[in-house]
Structures are given as structure tokens and as C-alpha cells.
Amino acid sequence: AQSVTQLGSHVSVSEGALVLLRCNYSSSVPPYLFWYVQYPNQGLQLLLKYTTGATLVKGINGFEAEFKKSETSFHLTKPSAHMSDAAEYFCAVSGGGSYIPTFGRGTSLIVHP
Amino acid sequence: DGGITQSPKYLFRKEGQNVTLSCEQNLNHDAMYWYRQDPGQGLRLIYYSQIVNDFQKGDIAEGYSVSREKKESFPLTVTSAQKNPTAFYLCASSIVGKAGGPYEQYFGPGTRLTVT
């Protein structure tokens, strides 16, 4: 069985500060990992995904994530937060013959001026 | 433009009434999904379908029903048996690969259902 833990239901940063959203996963097989973003009252949009190969993955809007197998982590970062980054972020894992992803509970990013 | 449409955006119903939420995609994806989203609980899978005329229950299927008569369409009916139907409902679709991935999901804009 696969599972995802997102540490912190809310993360608050100042505009221009580093954004770090944490995601740890549990999987018995090599995972496929995803980060999605959701703006208020909208659907989810893919930010980036890890499949195989390079462990540092770059996504849209300046976000990137690093797959660390030894730590079973896939944390999302952005060097400098913008007000427009305020949203809900979801980490998800799939793999092992199952195309159904398992989602984390989400982290709400709050950006202060 | 390819994508997923859900209608309506907001839906209000009286308790005891069944209501059907629409989901249409023109991405030619085989798999479609319905999720329920409540504050602080993330996404919970209601039903999913990999092929026309076939679908499987997800984690919280009780009180819901679906059909998949066409590849493009996957409507969800919230029945009167659903004890707490007020929520934000998301439809998604994806490719289904032989090895199960890595195929991301594409989401619709959601329908917010309020039952009073």
C-alpha cells in the first residue's frame, strides 16, 4: 500500500522568502511522484512530476522538487515566494502497476506581503 | 482546447433529492475519476473508471452512483442515501498505461454542492 504525508497543513512565508513544502511517501515499489496546485474554488493543476532519472525535477512557476530515495521524500521548493503562489498544494504517489494515485491531505501556502 | 468540463459550478439541493453532476472530457483519456474534497481532508476517491461500461468503487462510494456509457462522459449521482453530501466535487481523467504510470491526472474546475 502507498501513502503520502504532508507535514504542516499550513505554511506561512513572507513575499520573497524561500518556500519549502514537505512530502514524505511510503511505497514498496519505485514510486512516481507528483505535486499539484489548487487555487481557491478551482481544480488541481500539475506542477511537476518525478518518474525516473534525474532526481531534481523542475516544474512550472519556478517550483522544483528533489526525489530522495533514502529519505523517502519529495519536498517542493521555490527560491522566492510571490503573492500569486498562495494556494493549496498536494503531493501524490502512484506506481507498482496501479494508476490510481494516493494524495496527501494538502498544505495551504500563505504568502504575506 | 482539450480539457475537462464540469457543470454546474455551484449546485443547491434540498435534502432527500438526488442530484447528478456532469463531467465531460475531450482528451481521449481512458480513465476517469470522481473525488470529494472537504476542508483539511484532501481528496477522497469516490469512483473510477478505466473503460466504457466499467467502473469501480473508490474509498467512499456509499451514497453515490456513476455511469460510463461514453468514453467522454462520467456523470456522478449523489443520492439521498449520502448522509453528508455538501462538498466540493472534482472530476479527473488520465491515460492508463500498461505499467500503471507515470501518468498525471487532469482535473476539471469542480462543482460545489450544497444540500440543505
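My aim in this report is to walk through the structure given alongside it, one point at a time. This one's a predicted model, so the numbers in the text were calculated from it and none came from an experiment.

Here the focus is the overall build of chain B. Of regular secondary structure, chain B possesses zero helices and 11 strands. In chain B, the succession of helices and strands from N to C terminus is β-β-β-β-β-β-β-β-β-β-β. For chain B, the C-alpha radius of gyration of 14 Å lies close to 13 Å, the compact-globule estimate for 116 residues. Along the three orthogonal principal directions, the C-alpha set of chain B runs to about 45 × 30 × 30 Å.

Applying the stated criterion across every chain yields a total of 13 aromatic pairs over all chains. Relative to Tyr-89 of chain A, the ring of Phe-63 of chain A lies with its centre 5.5 Å away and its plane at 45 degrees, an arrangement referred to as tilted. On the criterion of sequence distance, the pair formed by Phe-63 of chain A in the loop between strand 6 (56–58) and strand 7 (64–68) and Tyr-89 of chain A in strand 9 (residues 87–95) is long-range, its members being 26 residues apart. The exposure class assigned to Phe-63 of chain A is buried, which follows from its relative accessible area of 2%. Among the residues examined, Tyr-89 of chain A registers a relative accessible area of 0% and is labelled buried. Residues Phe-103 of chain A and Tyr-35 of chain B carry aromatic rings whose centres are separated by 5.6 Å and whose planes lie at 80 degrees to one another, so their mutual orientation is edge-to-face. Residue Phe-103 of chain A is located in strand 10 (residues 98–103), and its partner Tyr-35 of chain B is located in strand 4 (residues 31–37); the two belong to separate chains. The pair formed by Phe-103 of chain A and Tyr-35 of chain B is uniform in burial state, with each residue classed as buried.

A word on the environment of Tyr-64 of chain B. Residue and element names in this part refer to chain B. Take Tyr-64: it is sitting in strand 7 (residues 64–66). For the pair Tyr-64 and Glu-104, spaced 40 residues apart in sequence, the C-alpha to C-alpha distance is 25 Å. Not counting residues within four places of it along the chain, the set of residues in contact with Tyr-64 comprises Arg-36, Ile-46, Tyr-47, Leu-76, Thr-77, Val-78, Thr-79, Gln-82 and Tyr-89. Separated by 2.9 Å, the side chains of Tyr-64 and Arg-36 make a polar contact.

All names here are of chain A. Under the definition given, this model contains one cavity of 30 Å³ or more. Each pocket or cavity is described by its volume, and for the largest cavity that value is around 50 Å³. Listing elements by their share of the lining of the largest cavity, those giving two or more residues are strand 4 (32–38), strand 9 and strand 10. When the residues that make up the lining of the largest cavity are grouped by side-chain class, the tally is six nonpolar, two polar and one charged.

In many analyses, interface size is given as the accessible surface area lost on bringing the parts together. Listed as interface residues are 20 residues of chain A and, on the opposing side, 27 residues of chain B. Interface of chain A and chain B: buried area, both sides summed, is about 1,900 Å²; carbon and sulfur atoms make up 58% of it. In terms of surface lost to chain B, no three residues of chain A exceed Asn-41, Leu-44 and Tyr-99 of chain A, which account for 34% of the buried area on that side. Where chain A touches chain B, the interface holds one salt bridge. Salt-bridge contacts for Lys-49 of chain A lead to Glu-104 of chain B; the nearest nitrogen and oxygen are separated by 2.7 Å. Viewed at the interface, chain B and chain A are joined by five residue pairs in polar contact (both at pLDDT 80 or more). Put simply, the parts of the chain that give the side of chain A that touches chain B at least two residues each are strand 4, strand 5 (44–50) and strand 10 of chain A.

Parameters at a glance
- Residues numbered from 1 in each chain as written.
- Chains lettered and ligands numbered in written order.
- Predicted model: local features only at pLDDT ≥ 70, side-chain atom pairs only at ≥ 80, totals over all residues.
- Heavy atoms only, no water.
- Helix = DSSP H or I, 4+ residues; strand = E, 2+ residues; numbered from the N terminus.
- Rg over C-alpha atoms; globule rule 2.2 N^0.38 Å.
- Phe/Tyr/Trp six-rings, centres within 6.5 Å; stacked < 30°, edge-to-face > 60°.
- Buried < 20%, exposed > 50% of the residue type's maximum accessible area, 1.4 Å probe, protein only.
- Contact = heavy atoms within 4.5 Å.
- Polar contact = N/O pair within 3.5 Å; in protein donor to acceptor, adjacent residues only side chain to side chain.
- 1 Å grid on protein atoms, 1.4 Å probe; cavity = no way out; pocket = protein on both sides within 12 Å on 5 of 7 lines; lining within 4 Å.
- Points joined across faces, edges and corners; volume = space filled by probe spheres on them.
- Nonpolar A, V, L, I, M, F, W, Y, C, P; charged D, E, K, R; others polar.
- Buried area = accessible area lost by both parts, 1.4 Å probe.
- Salt bridge = Lys/Arg side-chain N within 4 Å of Asp/Glu carboxyl O.

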